[in-house]
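Tertiary structure, described
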Amino acid sequence: MNQGDTGSTEIEFLHRLARELDVSRFFRVAAEGLADRLGADGAALMVREEQGRLRYRFFHGVPTLHKSLGGYSFHDSLGAAGAALGTRQPIFVADYAGSAYALPEFVQAGLKASLCIPVIAQDEVLGVLAISWFHAPQRPPAETDLAFINIVSDFVASALHRYRTEQRLLDLATHDPLTGAANRTLFFDQINHAMGMAIRRERLMGLITFDIDNFKIINDKLGHLMGDALLVEVKNRVLDLIRTGDTLSRLGGDEFALILEDVRCYTDVETVIRRIRQTLRIRWGSAALQITVGISLGYTVYPVDDSDDQSLLHHADTAMYEAKRGGGNKGLLFTRAMARAAANESDLIVEFGKALEQKEMVLYFQPIVAIATGDMVSAEALIRWRHPTRGLLAPPQFMAALEHGYNSLKLDAWVLSEALKILARWQSKGIFKKLQINLSASSVDNHQFCETLERMLAASPSPIDPSYLGIELVEWSAIQDIESARALIMGCRALGISVALDDFGTGYASLQHLRSLPVDSIKIDRTFIAGLGTDPADRVLVQSMVNAAEAFGIDTVAEGIETTEQKHILLAMGCAWGQGYLFARPMPEEDLWPDTPKPP
């Protein structure tokens, strides 16, 4: 199309643009037409993709050296393009190298002359349409040329606006609106692509899922805005350490998934996991309150794990939840044993609904004794499940399935009810020994627990002296939410009920919690007691725990005592109370008091 073309030819050209829906072909047609009309060598579109920057996006008919600038960006105040953008008027430069607008990159590329036209839609400058000569132009653009080019520029603006709108809609459909990470829909698209590439390239693909261990506490204590900000921070930090071809997705809540393409070996995946843990080893909050962030991760590797996309995600999730149950803040590889355990847990969750109704749950009792004499001073109530087909199940065989949410609260309520009945029965027979019961993390979060306990004590048909009831909180669950744990402890002590911190030494910075948690006793975890005769480090740790407890006026109970050597070492350390197979195993109530009638 040249200057002698008729108006009908111009109209046909505009009709052709209007009918072209493919964005890339639209800009190619527009560039070809404008370059042809002016006798130019090519044309390009620079778009304003971020504040203060212009970036090349579409090229046509330019030399190879100039094409090397594809994707090149520069400040939107520079060059002829910057002048056109700033004035919102076309800028023609007949001698580019000798002009005030010259940029070294384009002079080096051989640009001789340039016409830059601002692309404006809804009073917003979206970009600049640049027509380029790599030889001296035969003539400057005429007024009729500029009028026509302005019309084409409006078409370009409309197409670019439509393109950006479509991209935003596509982005909303495939990305998480909060973090900008890929959403579940895009995740499955990407994982299927990555699985195909792994087979074709004969390489591996790693899938990692991870979430924040104490995210509910962050939301509850710091507010949802701080929780949302943490999710964005997690996304940004992880994106900074992965490759361009890897895909980070937010699957929902605080759970993320990471697809690692073109993996050579398991070590590559483990290296990424280690980096994620390191980069997310932070404390989050304000100057007044900060909470330690913990990350649990699970992973699997395809096609060693030759499963479909849904199963791969399920397997990585299974490993992640296993890591969480193991105390969190670690990464685990999926194994088939985990899958069997998860299936077993699912069955137990379903069956638990009937277990209480069928009276399959029972309490066993393990004495807590004076280590020096072996005399029982109290007893810990331990849950057992008389399963109709699996036999007598101990807590490690079923508690993981019940430790969260409604089932754990139901089980805690049942244990408390049974404990009060047992205490009433003991005290009516003149047996005044303390009964210790365990509470789950869910009860620590239950702010009505103490009110419920007070009502149950008042409603007991037989009077109960509450000083003979003790509550045991697992240390890791207590330190997840110090404030809630402290409130529960104070509420129990107001009722005359003692509180012990169980599995002591396994939580983060355990000794410092003795200052903030006003417990009556600590129970040193059995893992430290087991090494007393062989591991000098365990001796040091246990002695420091005993000394710290004594300094705070807190009793110390050693768990898992199995040998006479352990007993003598603990006595020498000043630990007065103990529990373990050396003294007694968990037993039914009738074996605890062999001289009293069996309970009905």
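In the block above lies the structure referred to throughout.
Cut-offs applied
Residues numbered from 1 in each chain as written. Predicted model: local features only at pLDDT ≥ 70, side-chain atom pairs only at ≥ 80, totals over all residues. Heavy atoms only, no water. Helix = DSSP H or I, 4+ residues; strand = E, 2+ residues; numbered from the N terminus. Rg over C-alpha atoms; globule rule 2.2 N^0.38 Å. Buried < 20%, exposed > 50% of the residue type's maximum accessible area, 1.4 Å probe, protein only. Phe/Tyr/Trp six-rings, centres within 6.5 Å; stacked < 30°, edge-to-face > 60°. Lys NZ or Arg CZ within 6 Å of the ring centre and 35° of its normal. Pairing = 2+ DSSP bridges. Axes fitted to C-alpha atoms, helices over the stretch in contact; angles between N-to-C directions. Contact = heavy atoms within 4.5 Å. Salt bridge = Lys/Arg side-chain N within 4 Å of Asp/Glu carboxyl O. Disulfide = S-S within 2.5 Å. Lys, Arg positive; Asp, Glu negative; His and termini not counted.

Before going further, it helps to spend a moment on the overall build of the protein chain. Per the secondary structure count, the protein chain includes 23 helices and 22 strands. A compact globule built from 600 residues should have a C-alpha radius of gyration of about 25 Å, whereas the protein chain, at 36 Å, is more than 25% larger. With the C-alpha coordinates of the protein chain rotated into their principal frame, the extents come out at 120 × 50 × 50 Å. Scored against the burial criterion, the 600 residues of the protein chain give a buried share of 49%.

So, about the packing of aromatic side chains. Here the structure, examined in full by the defined rule, presents seven aromatic pairs. Taken together, the ring pairs in this structure connect F365, W426 and W593 into an aromatic cluster. For R585, the ring lying beneath its charged end belongs to Y581, and the centroid distance is 3.9 Å.

Moving on: the sheet that holds strand β12 (residues 295-302). Strand order across the open sheet formed by five strands is β8-β9-β7-β12-β13, with mixed pairing between neighbours. Edge strands, defined here as strands with exactly one partner in the open sheet, are β8 (247-252) and β13 (331-333). Neighbour to neighbour, the strand axes of the sheet diverge by 20° on average, direction disregarded. Pairing geometry for β12 and β13, over three bridges, is parallel.

Another point: the environment of R16. Secondary-structure assignment places R16 in helix α1 (residues 7-19). With relative accessibility at 43%, the residue R16 sits in the partly exposed group. Sequence spacing of R16 and V29 is 13 residues, and the spatial spacing of their C-alpha atoms is 8.4 Å.

Along the chain, S307 turns up in the loop between β12 and α11 (309-325). Judged by its relative accessible area of 13%, S307 falls in the buried class. Those residues in contact with S307 that lie beyond four places of it in its chain are M195, Y302, L312, H315 and R336.

This part takes up the pattern of salt bridges. Inspection of every chain in the model, using the stated rule, returns 17 salt bridges. Between D246 and R243 there is a salt bridge, with its nearest N and O atoms 2.9 Å apart. A relative accessible area of 10% means that D246 is categorised as buried. Residue class for R243 comes out partly exposed when judged on its relative accessible area of 42%. As a salt-bridge pair, D268 and R264 come within 3.2 Å of each other at their nearest N and O atoms. Members of the salt-bridge network, linked through shared partners, are E380, E472, K523 and E559.

What follows is about the state of the cysteines. For the structure shown, the criterion picks out zero disulfides. Among the cysteines around C450, which has no disulfide bond, C492 carries the closest sulfur, lying 4.0 Å off. Judged by relative accessible area, C450 falls into the buried class, the value being 16%.

With respect to the element layout, R384 can be found in strand β15 (residues 376-387). In this structure, R384 is buried with no salt-bridge partner, the nearest side chain bearing the opposite charge being E380 at 8.6 Å. Each residue touching R384, except ones within four places of it in the same chain, is listed here: E360, M361, V362, Y364, L392, L393, A394, P395 and P586.

This next bit is on the environment of A173. The residue A173 is located in helix α6 (residues 143-174) in this model. Owing to a relative accessible area of 44%, A173 belongs among the partly exposed residues under this scheme. Sequence separation between A173 and L186 is 13 residues; the distance between their C-alpha atoms is 8.4 Å. With near-sequence residues (within four places) excluded, A173 lies in contact with N183 and T185.

Excluding glycine, most residues fall at negative phi; most peptide bonds, likewise, are trans. With an omega dihedral of 5°, the bond running from Y302 to P303 counts as a cis peptide bond. By secondary structure assignment, the location of P303 is in the loop between β12 and α11. Positive phi values are uncommon outside glycine, yet D262 reaches one of about 55°. Inspection of the secondary structure assignment puts D262 in strand β9 (residues 255-263). The backbone phi angle of N329 is positive, close to 55°, even though this residue is not glycine.

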